[in-house]
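# Breakdown of the fold
Spelled out, the chains give:
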Amino acid sequence: MPGLKKIPFFLFLLVLFFCLHGSVENYGYLHLNEVVMVGLVITVCIASLFLVILFFTRNYAFASLVTFFISLWYLFFGVIHDLIKSETFLSFLRSYTIIVSLLIICTILWIIFLIRNRQLQLKLVFYLNLLLLIYCIFDGFLLLGKYNRADKITPMPAVVFDASVTSQKPNVYYLLLDEYAGYTSLKDSFGFRNDVFYDFLQQNGFEQLPVFANYKSTVYSMSSILNMRYINRTGNNKDIDQFDYLDRLEEINNASVVAAFKNMGYSIYNFSIFDVNDMPAITEDNDNGIITRHRMLLTDKILHKRADREIGWNIPPNFKRWLPFLKNTNLLIDIENNDRAIQQSRELARSRKKAPFFCYTHVMMPHWQYYFDSAGKANPLHLVLPKASITNKKLYLGYLQYSSRIMSGLITDIILADPSAIVVLMSDHGFRNYADQRSFQPYHFDNICAVRFPDKNYLPYKEKWSTVNFFRYVFNCEFGQKIPYLPDSAIFVNEYSKLKIKNEE
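Heads up: these notes are all about the structure in this document. None of these values were measured; they are calculated from a predicted model.

### Brief notes about the overall build of the protein
If you tally the helices and strands in the protein, you get 21 helices and 8 strands. Considering the protein as a whole, with its 505 residues, one finds that 53% of them fall into the buried category. Carbon and sulfur atoms make up 62% of the accessible area of the protein, which amounts to about 23,400 Å² in all.

### Thoughts on the packing of helix H5 (residues 77-86) against helix H6 (residues 96-116)
At their nearest, the axes of H5 and H6 sit 12 Å apart, and the two run at 125° to each other. Taken together, H5 and H6 sit at an angle that is classed as oblique. As H5 runs across H6, the sense of the crossing is right-handed. Here Phe-77, Ile-80, His-81 and Ile-84 of H5 come into contact with H6, specifically with Tyr-96, Ile-99, Val-100 and Leu-103. Residue composition of the contact of H5 with H6, by class: 7 nonpolar, 1 polar and no charged.

### Looking at the nonpolar core
Among the nonpolar cores identified, the biggest contains 84 residues, and Tyr-174, Phe-261, Phe-358, Phe-471, Phe-475 and Phe-479 are the most heavily contacted of them. No other element matches helix H2 (residues 10-25), which puts 9 residues into this core. Phe-475 has contacts with Phe-161, Met-228, Val-257, Ala-260, Phe-261, Met-264, Gly-480, Gln-481 and Ile-483, leaving out every residue within four places of it along the chain.

### Focus on the sheet that holds strand E5 (residues 357-363)
Strand order in the open sheet formed by 6 strands is E2-E7-E6-E1-E5-E4, and the pairing between neighbours is mixed. Both outer strands of the open sheet, strand E2 (207-208) and strand E4 (267-271), are each paired with one neighbouring strand and no more. Contacting strand E1 (172-177), E5, strand E6 (422-427) and strand E7 (449-452), helix H20 (residues 470-478) runs over the sheet at an angle of about 165° to E6.

### Details of helix H4 (residues 60-75)
The end-to-end C-alpha separation of H4 is 21 Å, in line with the 22 Å expected for 16 residues at 1.5 Å each. Residues of H4 that are buried: Ala-61, Phe-62, Ala-63, Ser-64, Leu-65, Val-66, Thr-67, Phe-68, Ser-71, Trp-73 and Leu-75. The residue sitting at the N-terminus of H4 and contributing the capping side-chain oxygen is Asn-59; that oxygen lies 3.2 Å from the backbone nitrogen of Ala-61.

### Quick word on the pattern of salt bridges
Here the structure, examined in full by the defined rule, presents 10 salt bridges. Put simply, Glu-25 and Lys-301 hold a salt bridge, and the shortest N to O gap is 3.2 Å. Pair noted here: Glu-25 is in helix H2 and Lys-301 is in the loop between helix H13 (296-299) and helix H14 (303-311), with a separation of 276 residues, a long-range link. For the salt bridge of Asp-413 with Arg-346, the shortest nitrogen-to-oxygen distance reads 2.4 Å. Here the residue Asp-413 occupies a position in helix H18 (residues 393-417), and Arg-346 occupies one in helix H16 (residues 329-351), the gap between them amounting to 67 residues. You'll find Asp-413 and Arg-346 in the same group, each marked buried. Taken together, the shared-partner salt bridges in this structure form one network comprising Asp-82, Asp-300 and Arg-306.

### Regarding unusual backbone geometry
Pro-366 follows Met-365 through a cis peptide bond whose omega is 0°. Note on placement: Pro-366 falls in the loop between E5 and helix H17 (381-384). The omega torsion across Trp-368 and Gln-369 is 15°, close enough to zero to call that bond cis. Residues other than glycine seldom take positive phi values, yet Asp-278 does so here, at roughly 65°. One can find Asp-278 in the loop between E4 and H13. Of the residues examined, Asp-278 reaches a relative accessible area of 66% and is grouped as exposed. Phi angles above zero are rare outside glycine, and Lys-456 is one such case at about 55°. Structurally, Lys-456 can be placed in the loop between E7 and strand E8 (465-466). Residue classification places Lys-456 among the exposed positions, given a relative accessible area of 56%.

### Quick look at the environment of Leu-209
Within the secondary structure, Leu-209 is located in the loop between E2 and strand E3 (211-212). Owing to a relative accessible area of 6%, Leu-209 belongs among the buried residues under this scheme. Taking C-alpha positions, Leu-209 is 5.8 Å from Ala-450, a pair spaced 241 residues apart along the chain. Once you skip the residues sitting within four places of it in the chain, Leu-209 turns out to touch Cys-449, Val-451, Tyr-461, Trp-465, Phe-470 and Tyr-473.

### Comments concerning the pairing of E5
Along E5, 7 of the 7 residues are buried, which leaves the element largely enclosed by surrounding structure. Judged by which residues are buried, E5 turns out to be covered on both faces: Phe-357, Cys-359, Thr-361 and Val-363 on one side and Phe-358, Tyr-360 and His-362 on the other are all buried. In this structure, E1 lies alongside E5, joined through 6 bridges in parallel fashion. Across the sheet, residue Tyr-173 finds its bridge partner in E5, namely Cys-359. Pairing of E4 with E5, which is carried by 5 bridges, proceeds in the parallel orientation. Bridging across to E5, Asn-270 finds its partner in Tyr-360.

### A short note on the packing of aromatic side chains
Scanning the entire structure with this criterion turns up 46 aromatic pairs. On the basis of an interplanar angle of 40° and a centroid distance of 6.4 Å, the ring pair of Tyr-269 and Phe-271 is categorised as tilted. For Phe-271, a relative accessible area of 8% gives the class buried. Pairing Trp-465 with Tyr-485 gives two aromatic rings, centres 5.9 Å apart and planes at 80°, and the pair type is edge-to-face. Of this pair, Trp-465 sits in strand E8 while Tyr-485 is found in the loop between H20 and helix H21 (496-503), placing the two residues 20 residues apart along the sequence. The buried category is assigned to Trp-465, whose relative accessible area is 2%. Using a relative accessible area of 36% as the deciding quantity, one classes Tyr-485 as partly exposed. Three or more aromatic residues joined by ring pairs make a cluster, and in this case those are Phe-161, Tyr-174, Phe-261, Tyr-266, Phe-358, Tyr-360, Phe-470, Phe-471, Phe-475 and Phe-479. The ring of Tyr-220 has Arg-248 sitting right over it, with the charged end atom 5.0 Å from the ring centre. Geometry around Phe-190 places Lys-393 over its ring, the cationic atom sitting 4.8 Å from the centre.

What counts, and at which threshold
Residues numbered from 1 in each chain as written. Predicted model: local features only at pLDDT ≥ 70, side-chain atom pairs only at ≥ 80, totals over all residues. Heavy atoms only, no water. Helix = DSSP H or I, 4+ residues; strand = E, 2+ residues; numbered from the N terminus. Buried < 20%, exposed > 50% of the residue type's maximum accessible area, 1.4 Å probe, protein only. Areas by Shrake-Rupley, 256 points an atom, 1.4 Å probe, with all protein chains shown as cover. Axes fitted to C-alpha atoms, helices over the stretch in contact; angles between N-to-C directions. Parallel < 35°, antiparallel > 145°, perpendicular 65-115°, else oblique. Left-handed = near helix turned anticlockwise from the far one by under 90°. Contact = heavy atoms within 4.5 Å. Nonpolar A, V, L, I, M, F, W, Y, C, P; charged D, E, K, R; others polar. Core = buried A, V, L, I, M, F, W, Y, C linked by side-chain atoms within 4.5 Å. Pairing = 2+ DSSP bridges. Expected span 1.5 Å × (residues − 1). Polar contact = N/O pair within 3.5 Å; in protein donor to acceptor, adjacent residues only side chain to side chain. Salt bridge = Lys/Arg side-chain N within 4 Å of Asp/Glu carboxyl O. Phe/Tyr/Trp six-rings, centres within 6.5 Å; stacked < 30°, edge-to-face > 60°. Lys NZ or Arg CZ within 6 Å of the ring centre and 35° of its normal.

In structure tokens form, the structure reads like this:
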């Protein structure tokens, strides 16, 4: 007890509380090593700040209290900002300039208060030690309770698959272009006929399938496609929150389609933006524009991480070069990830591996941001990065044409290196960022879908059907299955309510 009155344990307890609380909120989606690494980095940063303040003040109680206040609002900035944005009457505080300035002013006032009330400093040390200890014990029990109850998402029931009837095992390349619009929506709303790309696919033996997306959200669409089922989502709320995202990510990681290929003796290669079959995403060490996962579930609350995600495009690239922690990974890293995914897919095809494999390649093209024009020339960043550019149809169309050219090159290389392989080209949904959402909402589900079966064993299909049935069709055509098809439906879910929290200034 005497130690609680004098020693500032609360600095360490603040880090412990930050990690425990984040682990409780995101139970089942964080690895222990990720939490420990985040905790160690934060501990080092807080200790360094404390030592700097102590060096100038020579008062450990004062230094610890100032360090605590700064660390508190810096670590939990995201929580503060989300709360402000959720209340209309606080809307005037949404600007980063205003809220950060206000927090700095509060810090100065806190320092003045401590200087004028030196007799309270040790009492505050004792109070904060006790308070943070109670919080940590409470969250510790909550975390233990979740562990004992195995409080995780219930896996989607797998579609019955009989591997014993499979007579041939060609390699399968599943190529996914994120937000690539279908022919109809491009013709009707963009005035663009995508005949060049469709002619290329036809000339290379692809069959165009009249498929539409079941969901306009990437995580919902991919979970449904890769599990061959609709999402089992409780409640009638159409808005997607962070936990819906986490549930879908877990479903993708345990996808029935991947399990079926593994059951047939296939090796799995994951060059996608998702963890699949516990194989890390190609973006594992980086952020990307749509997914918050792993340690980012913890660090997304921290000021510089949240600012980087929401307003990082305002920071001049030359300035970021001197501040690595503001390198704006989530806005610019997609280019590197796309190049890596395409290159690794090409290298896999050229490797001529003997064992059959299933390769899932998912690139963020022509998904916003629209980095390149149709000729492959980089668009100016001041046009590409601001959120307002998401509705720029000219930029999108140019990036779509660039995406077609890049994918044509990859498909050509795959066919040359692995002519007996099944090649699938799809998009998860269509363009969904129309300025007038109501008029163009049906086009959100208009996607592209083409498949190349070397044996041309294309079974009959409906005039219009949906992506939930796509792999059922592939397995029935090429792997001897008789999986029944599900009724087709387009289901509206709104992910913009969630994205507002992450992208608004």
